[in-house]
Amino acid sequence: MKNELKIITKDWDKLNPLRIEDYIAIGGYQSLEKFISKLKPSEIIAEIKESQLAGRGGAGFLMGEKLAQVAEEKGTKYFICNLDESEPGTYKDRAIVDHNPHLLLEGIILCSLAIGAEKAFIYLNGRYEEQREILAQAIQQARKKYFLGKNIFQSDYKLSIELFSGAGAYICGEETALINSLEGNRGEPKLKPPYPVKAGLFGCPTVINNAETIANIPWIIKNSGEKYKEIGSISSPGSKLFILGGVVKNKGLIEAQTGITLRELIYDFGGGLLSGKEFWFAQLGGSSGRLLLEDELDIKLDFNKKNQYPLGSGSVLVVDKTVDIYDLMLSWASFFRRESCGKCVPCREGTFRLWGIIKRLRDREISQRDKEAMEDILWTLNNTTFCPLGKFSATAIQDAITKLGKDIFKKNN
Ligand SMILES: Cc1cc2nc3c(=O)[nH]c(=O)nc-3n(C[C@H](O)[C@H](O)[C@H](O)COP(=O)(O)O)c2cc1C
Ligand code: SF4
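Residues numbered from 1 in each chain as written. Chains lettered and ligands numbered in written order. Predicted model: local features only at pLDDT ≥ 70, side-chain atom pairs only at ≥ 80, totals over all residues.

## A few points about the domain arrangement of the protein chain
If you check the domain split of the protein chain, you get domain 1 (12-229), domain 2 (239-320) and domain 3 (325-410). Put simply, the middle of domain 1 and the middle of domain 3, counted by C-alpha atoms, are 35 Å apart. Taken together, the 8 residues of domain 1 in the interface contact 7 residues of domain 3. By residue class, the composition of the side of domain 1 that touches domain 3 is 5 nonpolar, 1 polar and 2 charged. (Domains from an automatic or database assignment. Contact = placed C-beta atoms within 7 Å. Nonpolar A, V, L, I, M, F, W, Y, C, P; charged D, E, K, R; others polar.)

Structure below.
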């Protein structure tokens, strides 16, 4: 299929996630061996920089740049794999652990050693108990084979990986809140700067990357950054995991090249809409994502900063006209009302007030005053909150009003 790609999902059907031998049999840990026997840490970082791999956790920051900054720092450093994944409708990082935990471990080891860290953490979504168990076993197996621990591949490199489960708050996926949580503090964001690369975990330089970003690293080290750069979109190359849901025929996880269009994703990979369903819009990136209408189906999905439709977590929800838009809007508003960490007033109050208004909209009790207040609240959430969660809470509702507006309020008039 055009745009199909298997870098992260390669050989998933051949692997038992609980057997390190299966991963070794398909060439696993060869990139680590290559690093230990032939390459310097700076060469690993140069390769990742060359690949132009952008973070897959949402912000799209170039991974090689972060690694290079921390590699230059002296003293204790940390590497953290972000496996919080609390965005509704998203389970790509969990799927990596379910199918190939050693790919993730190999990526973590490569990145940690490249920056000079001797300790790495995997910050897990609190609900990922099964995945914690899989990873715990994988870590044990890797230690026994000397891929982890002291004297990795009989070298002087050492690394330990610790698993840490969060308590299930969405905000703890945000990197500074995640650090607070790992340090035993309340899970709420810190002011940036300083950024984690300068003052991260316990005040030490820290690289935090999304699990999917990290899972690309063994391939890049094996095949070169230049080869990776040839895949997909010119501005942000490589592979991307998408989660396709809603009224499509084939739902589920898809690995495709960046730059694929929404139309290709829905019709080529998803097999089109279920019979009798008429496309209304697609939501890109979970509850915090933007809505795209039929005439926007040909935009390219990548991490280009100029792209007005950020990929976010990579989930795609396809919605048809039979869906109750009020219920959907209320589910977005309820989610953010619950997940606002409460640190700043505009978000704490704004998400609560917005939820109340959407509830009245759903119950056909919305007043003119509510409609005016909604405008003010959305502006406040978009422009004045401490961290991006405030903006996230406004995005889909704002799009529903501006793009589906006539349809939405018609039912109330
Ligand atoms: C509210 C909020 C929630 C986030 N949740 C996640 C998450 O669950 N997983 C993740 O990898 N990044 C999440 N991020 C992004 C992280 O702050 C950070 O940018 C990312 O982990 C860096 O990794 P990457 O460069 O590989 O994407 C979140 C950001 C915000 C503002
Ligand atoms: S915007 Fe929301 S989540 Fe972020 S600090 Fe303020 S209250 Fe917390």
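## Notes on the site of ligand 1
Gly 55, Gly 57, Gly 173, Asn 210 and Thr 213 are the nearest of the 21 residues found near ligand 1. Among the elements that take part in the shell around ligand 1, strand S4 (residues 206-210) stands out by supplying 3 residues, more than any other. By residue class, the composition of the shell around ligand 1 is 7 nonpolar, 9 polar and 5 charged. Two domains each donate at least three residues to the shell around ligand 1, and these are domain 1 (12-229) and domain 3 (325-410). (Near = placed C-beta within 6 Å. Helix = DSSP H or I, 4+ residues; strand = E, 2+ residues; numbered from the N terminus.)

## What to know about unusual backbone geometry
Backbone torsion omega between Lys 192 and Pro 193 reads -10°, so that peptide bond is classified as cis. When you line up the elements, Pro 193 lands in the loop between helix H8 (175-182) and S4. Look at the link from Pro 193 to Pro 194: it is a cis peptide, with omega at 5°. Even without a glycine there, the phi angle at Tyr 29 is positive, about 65°. Among the secondary structure elements, Tyr 29 is positioned in the loop between helix H1 (20-25) and helix H2 (30-38).

## Some thoughts on the sheet that holds strand S5 (residues 239-246)
Spatial strand order, S6-S5-S9-S7-S8: 5 strands in an open sheet with mixed pairing. Each edge of the open sheet is held by one strand with a lone partner, namely strand S6 (252-257) and strand S8 (290-293). Put simply, the sheet's adjacent strands are angled 30° from each other on average, direction ignored. The pairing of S5 with strand S9 (residues 315-320) spans 4 bridges and is classified as parallel. Along S9, the bridge assignment pairs Gly 245 with Leu 317. (Pairing = 2+ DSSP bridges. Axes fitted to C-alpha atoms, helices over the stretch in contact; angles between N-to-C directions.)

## Observations concerning the site of ligand 2
Every one of the 15 residues lining ligand 2 counts as a neighbour, but Cys 341, Cys 344, Cys 347, Thr 385 and Cys 387 are closest to it. For the shell around ligand 2, the secondary-structure elements that each account for two or more residues are helix H14 (345-362) and helix H16 (388-410). Looking at side-chain class alone, the shell around ligand 2 contains 8 nonpolar, 4 polar and 3 charged residues. For the shell around ligand 2, the domains that each give at least three residues are domain 1 (12-229) and domain 3 (325-410).

## A short note on the pairing of strand S3 (residues 160-165)
Pairing of strand S2 (residues 119-124) with S3, which is carried by 6 bridges, proceeds in the parallel orientation. Counterpart to Ile 122 in the pairing with S3 is Leu 163. Running through helix H7 (residues 129-144), the crossover from S2 to the neighbouring parallel element S3 is right-handed. (Right-handed = clockwise from strand over helix to strand, strands pointing away.)

## Focus on the environment of Asn 180
One can find Asn 180 in helix H8. For Asn 180 and Ser 160, which are 20 residues apart along the polypeptide, the C-alpha to C-alpha distance reads 21 Å. Apart from the residues lying within four places of it in its own chain, the contact partners of Asn 180 are Asn 185, Arg 186, Gly 187, Glu 188 and Lys 190.

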